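One letter stands for each residue in the lines below.
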Amino acid sequence: MTLTILDYGIIALYLFFVLGIGWTLRSKVASADQFLISDRSTPLWVTSLAFVAANLGAQEFIGMCASGAKYGLMTAHFYWAGAIPAMLFVGVFMMPFYYGSKARSVPEYLKLRFDEKTRGLNAVSFAVMTLFSSGVSMYALGLLFQLMLGWSFTASVVLSATIVLVYTFLGGLKSAIFTEVLQFFLTVLGFAPLAFYAVQRVGGWDGIKKNVAPQMTHLWAYTGSPEQNGMGVEWFGLAAGLGFVLSFGYWCTDFLVVQRAMAAGSMNDARRTPVLAAIPKMLLPFVVILPGLAAVALMNSGSGYTLPMKGADYDYDQALTTLMVQFYPNGMLGVGLTALMASFMGGMAGNVTAFNTVFTYDLYQSYIRKNAPDAHYLLVAKITTVVGIALSIAAAFLAHQYNNIMDLLQLVFGFVNAPLFATFLLGMFWRRTTGHGAFSGLLAGTLAAWFTHSLTLAEGKGGMFGVLHTFPSTMAQNFWIAIFAWSSCFLVTIAVSLATKAKADRELEGLVWGLTKMPSTEGAPWHARPGVLAIAVGGGCLLLNILFW
């Protein structure tokens, strides 16, 4: 593939704007709070788009397109079952605790609700998870440069890391949020035409159904047993593992996305941020999954298009980029390539800013130097940017071992977010939950995830201690890892909490349900009421599940 001066010009223009945003906002990050948490002054429309864009990194586009090719329309469950309900829940029910507690991070909320050791455990696990996610984004762009520009993977990773380092170092969280808004529009502009071209070439939706297996074009119809669908999961594993544990565990507890809502200017805006973000999230499967499904249909139709191999299987991660080479002319190819760069930079910047905040406030300030001047913490945050990106490079090479990066991401979420959601669910809605119970439950959940992965096998992965069960796919294994992790944390937390002393009610005001005054929206117009908005969006999501049953 050869890029023209027009393609390079579009890429250069985007980089100019991105660096310009960081340069313009650099004067507004004179303190650690301004660099790390944006002083809670961001408009609603910005936080809403940033909330969805924070999860719209390169791994989202490349990974979801890869999953569309590998698993078919069932991948849409990651949106219509595995995102929308949780986004509505966190907006309506959980943001009052996050925003109202004035916590600067999710681990800091855990300290206020439970104790220091629970905060420390979550801070460490979250820091590791963000490095993995950041590394996956870096891997995705390295793969892109390797395929489309002919560069070596190592050179591509180092270059992309340098770009993100400069951009994040300049502007902090506010720069990341405003750039994510630009990224959102650019990625939709860059990839929506690809879905149209690919589907049109194969003969529309009827052409897709004609050239792929029937289970590839349905959501729920083939989930009666694992053998009926490519994802190898039955309806219970799908609904409980993805729709409940992984979904709520990510959207309700992951500081990367919660941080965007916490940057809003008011409590009501913070609550509406995830709800409004759910609207574009609901439509994204038609942009990111449909091209992957169309790619498989094109291969089966004898069009001459094919995916490259990776070992004995197809390299599904290259579905999106090979389709771009196939269908985009010069100029449009530059837009698509820039959109991928934008999604990568947004994902990287989001992970780095979240990592910075948690490391600086929840680890460094709490355990290394507690009473340093603000300028010292600002310096630490900027140094952490450099260190975090360096560690992300190592994670990028680990991701190179997977033929679908979404499999790796869901595995990491199963270890970290699945047990954490059980902790939050009990902590926010059962005042009897204790710090000892929360800490023990988190440890038990993570250990359960590790043992489940080590005693099961899927696509050659796992089985460190032996093989008690073999899953038909890595994704099915991930769902059950999440189920066991959540259940273990939930049960152990209850048992230990009942055996230990709980905090007095006065210490829990503003932190748990029943002891927190919920913000009133009585008399406000319908679009200013989070509950009404959530019902409308939830109805639309239900309709999509029925239409593609």
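It should be noted that the structure appears before, not after, this text.
Residues numbered from 1 in each chain as written. Predicted model: local features only at pLDDT ≥ 70, side-chain atom pairs only at ≥ 80, totals over all residues. Heavy atoms only, no water.

**Here's the deal with the overall build of the protein**
Phase 1: Tallying secondary structure elements over the protein gives 22 helices and five strands in all.
Phase 2: Here the C-alpha radius of gyration of the protein, 22 Å, is about what a compact globule of 549 residues would show, namely 24 Å.
Phase 3: Across the 549 residues that make up the protein, the buried fraction comes to 61%.
Phase 4: A separation threshold of at least 6 residues defines the contact pool for the protein, and within that pool the share at least 24 residues apart is 81%.
Phase 5: Carbon and sulfur atoms provide 68% of the accessible area of the protein, an area that totals close to 19500 Å².
Phase 6: In the protein, 30 positive and 24 negative side-chain charges are present, and the distance between their average locations comes to 7 Å. (Helix = DSSP H or I, 4+ residues; strand = E, 2+ residues; numbered from the N terminus. Rg over C-alpha atoms; globule rule 2.2 N^0.38 Å. Buried < 20%, exposed > 50% of the residue type's maximum accessible area, 1.4 Å probe, protein only. Contact = heavy atoms within 4.5 Å. Areas by Shrake-Rupley, 256 points an atom, 1.4 Å probe, with all protein chains shown as cover. Lys, Arg positive; Asp, Glu negative; His and termini not counted. Charge placed at Lys NZ, Arg CZ, Asp CG, Glu CD.)

**What about the sheet that holds strand 5 (residues 469-470)?**
Phase 1: The three strands are arranged 4-3-5 in an open sheet whose pairing can be described as mixed. The open sheet terminates on both sides in strands that have one partner only, identified here as strand 4 (461-462) and strand 5.
Phase 2: Bridge count between strand 3 (residues 456-458) and strand 5: two bridges; the pairing is parallel. Each residue of the ladder has a partner; that of Thr456, found in strand 5, is His469.
Phase 3: Where helix 21 (residues 474-499) meets the sheet, its contacts fall on strand 3 and strand 4, and the angle it forms with strand 3 comes to roughly 145°. (Pairing = 2+ DSSP bridges. Axes fitted to C-alpha atoms, helices over the stretch in contact; angles between N-to-C directions.)

**A few points about the packing of helix 3 (residues 44-53) against helix 13 (residues 267-283)**
Phase 1: Direction vectors running N to C along helix 3 and helix 13 enclose 55°, while the axes themselves pass 8 Å from each other. Taken together, the axes of helix 3 and helix 13 lie oblique to each other. Taken as a pair, helix 3 and helix 13 cross one another with a handedness that is right-handed. On helix 13, the residues touching Leu44, Thr47, Ser48, Phe51 and Val52 of helix 3 are Asp269, Arg272, Thr273, Pro274, Leu276, Ala277, Pro280 and Lys281.
Phase 2: Among the residues forming the contact of helix 3 with helix 13, the class breakdown is seven nonpolar, three polar and three charged. (Parallel < 35°, antiparallel > 145°, perpendicular 65-115°, else oblique. Left-handed = near helix turned anticlockwise from the far one by under 90°. Nonpolar A, V, L, I, M, F, W, Y, C, P; charged D, E, K, R; others polar.)

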